[in-house]
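# Tertiary structure, described
Below, each chain spelled out in residue letters.
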Amino acid sequence: MRAYLDHNATSPLRPEAKAAMLEAMGPAGNASSVHAEGRAARQRLETARDQVARAVGVIAPMVVFTSGGSEANNMAIKGVPAERLIISAVEHPSVLEAARASGRTVELLPVDGRGIADLAVLERLLASGPTALVSLMLANNETGVLQPVADTVRLAQAHGARVHSDAVQALGKIPVNFGILGVDLMTLSAHKLGGPIGAGALVLRDGLPMPPFIHGGGQELRRRAGTENVAAVAGFGAVAGAAMGDVAGLRDRLEASLEDVVVLGAGASRLPNTSCIAAPGMSAETLLMALDLEGVSVSSGSACSSGKVAKSHVLAAMGVPAEISNAAIRVSLGWDTTDQHIDKFIAAWRKVVLRHKARAAA
């Protein structure tokens, strides 16, 4: 038995998502066609839109389906009218790179040693220039640290700014409510909570102007052209309201069982499923390969940004020393994680560390 503990990269497909997708794959029909088959496809699409909308407490027309979180982030960052962008230093690469490619002024919002955005700096930035769009993720993909999004919204509104939040890692792990947070835009993705890869959504405040991100037909209320991927969207809808279950106890047991490690972000509120841990003196690449050979799947940094182990901009922004950040791996639990998976990780970790110590002493 392998222990798959990389749910923040992608989570295994839930049975209910698979069932909804298989049902949608059977009949023919384009959701923009007016015949019976087209109307059936449209019904599946709109049912999924209702399911995603209910999951975050909004009305269905506020949900724009995309190919995933990266597209939704690009749509938000490049599409909202704003003279400048204030982006937290620990955002996902799809936010940071979209901002840099937007042609607008980009100002980075620093974080403290726990990885939490510095709102005092944000207030100064908001007051120092033209109207801005602020982008602050709800939960960090590497450390699991939760950000003060609602407080950010209150500051932004006082200065006439809008707020976008990437909630990809949060949905299904903690309660996520668009209205309670008060944001103007929110990014979601299916495959982080057991839905299919290739389905995401951008949730837009009702009435917020948004030019088409992809030009062509009139799909998605003319905000994103292209024939919708009905099967993937149906799978997304089927799991949008699903909860991960109580994995915090498993995460805490895992962390408590490891000696001589640093848990990054431990001083902050975190997602219940995420541990970013470092064993000083070892390299993340060595750890990942050794654990993989022992039947344990974990990762380092953002799996979306590279097919190899790379330096973490998140840990760098937190001021983590290189000897610790270079040894950091991410363990992320999910809807199908069991005590047996945790036991396997702990046993594999201890075996790998003992082997490293023996080599170092030789």
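Before any of the text, the structure's been laid out above.
Okay, so let's go over this structure. Everything quoted here is computed from the prediction, not taken from an experiment. Residue numbers run consecutively from 1 along every chain, following the written order of its sequence. At least 70 in pLDDT is required for a residue's local features to be given in this predicted model, at least 80 for side-chain atom pairs to be given and counted, and no such filter applies to totals for whole chains, interfaces and linings, which use all residues. No hydrogens and no water enter the side-chain calculation; it runs on all heavy atoms of the structure.

## A word on the packing of helix H2 (residues 36-56) against helix H9 (residues 230-239)
Axis angles are defined between N-to-C directions and span 0 to 180 degrees, where every axis is a line fitted to C-alpha atoms and, for a helix, only to the segment in contact. Labels follow the DSSP assignment, with helices taken as runs of H or I lasting at least four residues and strands as runs of E lasting at least two, numbered in each case from the N terminus. Where H2 contacts H9, the axes come no closer than 8 Å and their chain directions differ by 35°. In this structure, the crossing between H2 and H9 has a hand that is left-handed. Where H2 approaches H9, its residues Ala41, Arg44, Leu45, Ala48, Gln51 and Val52 are matched on the opposing element by Val230, Val233, Ala234, Phe236, Gly237 and Ala238. Under the scheme applied, nonpolar residues are Ala, Val, Leu, Ile, Met, Phe, Trp, Tyr, Cys and Pro; charged residues are Asp, Glu, Lys and Arg; polar residues are all the others, including Gly. Class assignment for the residues of the contact of H2 with H9 results in 9 nonpolar, 2 polar and 1 charged. In this scheme the crossing of two helices becomes right-handed for a clockwise turn of the near helix relative to the far one and left-handed for an anticlockwise turn of less than a right angle. By the convention used here, residues are in contact when the closest approach between their heavy atoms is within 4.5 Å.

## Considering the environment of Asp292
Position of Asp292 relative to the elements: it lies in helix H11 (residues 284-293). Residue exposure (1.4 Å probe, protein chains only): buried if accessible area is under 20% of the type maximum, exposed if over 50%, otherwise partly exposed. On the basis of relative accessibility, which here comes to 40%, the residue Asp292 falls in the partly exposed class. Residues Asp292 and Ala31, 261 residues apart in the sequence, show an inter-C-alpha distance of 43 Å. If sequence neighbours within four positions are ignored, Asp292 has contacts with Arg2 and Ser297. Pairing of N or O atoms within 3.5 Å defines a polar contact, subject to two protein rules: one partner must be a possible hydrogen donor and the other a possible acceptor, and residues neighboring in sequence count only if both atoms are side-chain atoms. Separated by 2.6 Å, the side chains of Asp292 and Arg2 make a polar contact.

## What to know about the environment of Ala41
Checked against the element boundaries, Ala41 lands in helix H2. Along the sequence, Ala41 and Val52 sit 11 residues apart, while their C-alpha atoms lie 17 Å from each other.

## Topic: the sheet that holds strand S7 (residues 185-189)
The criterion for strand pairing is that DSSP finds at least two bridges linking the strands in question. Taken in spatial order, the 7 strands line up as S2-S8-S7-S6-S5-S3-S4 in an open sheet, and their pairing is mixed. The open sheet has two edge strands, strand S2 (63-66) and strand S4 (105-109), and neither has a second partner. Ignoring which end each strand starts from, the neighbouring axes of this sheet average 20° apart. Bridge count for strand S6 (residues 162-166) against S7 is 3 bridges, and the pairing is parallel. If you follow Asp166 over to S7, its bridge partner there is Thr187. Running at roughly 115° to S2, H2 makes contact with S2, S7 and strand S8 (200-204) of the sheet.

## So, the pairing of S2
Here S2 shows a buried face lined by Val63 and Phe65 and a second buried face lined by Val64 and Thr66. Alignment of S2 against S8, held across 4 bridges, turns out to be antiparallel. Looking at the pairing, Val63 lines up with Val203 of S8.

## Concerning the packing of aromatic side chains
Each aromatic ring pair is specified by the distance between its two centres and by the angle formed by the two planes. Stacked, tilted and edge-to-face pairs are distinguished by plane angle, under 30 degrees for stacked and over 60 for edge-to-face with tilted covering the rest, among Phe, Tyr and Trp rings (Trp via its six-membered ring) whose centres lie within 6.5 Å. Under the definition given, this model contains 2 aromatic pairs. Measuring from centroid to centroid gives 6.3 Å for Phe65 and Phe236, while their planes differ by 65°, and the two rings are edge-to-face. With Phe65 in strand S2 and Phe236 in helix H9, this pair connects stretches of sequence that are 171 residues apart. Taking the relative accessible area as the measure of exposure, Phe65 reaches 3% and is therefore buried. For Phe236, a relative accessible area of 0% gives the class buried.

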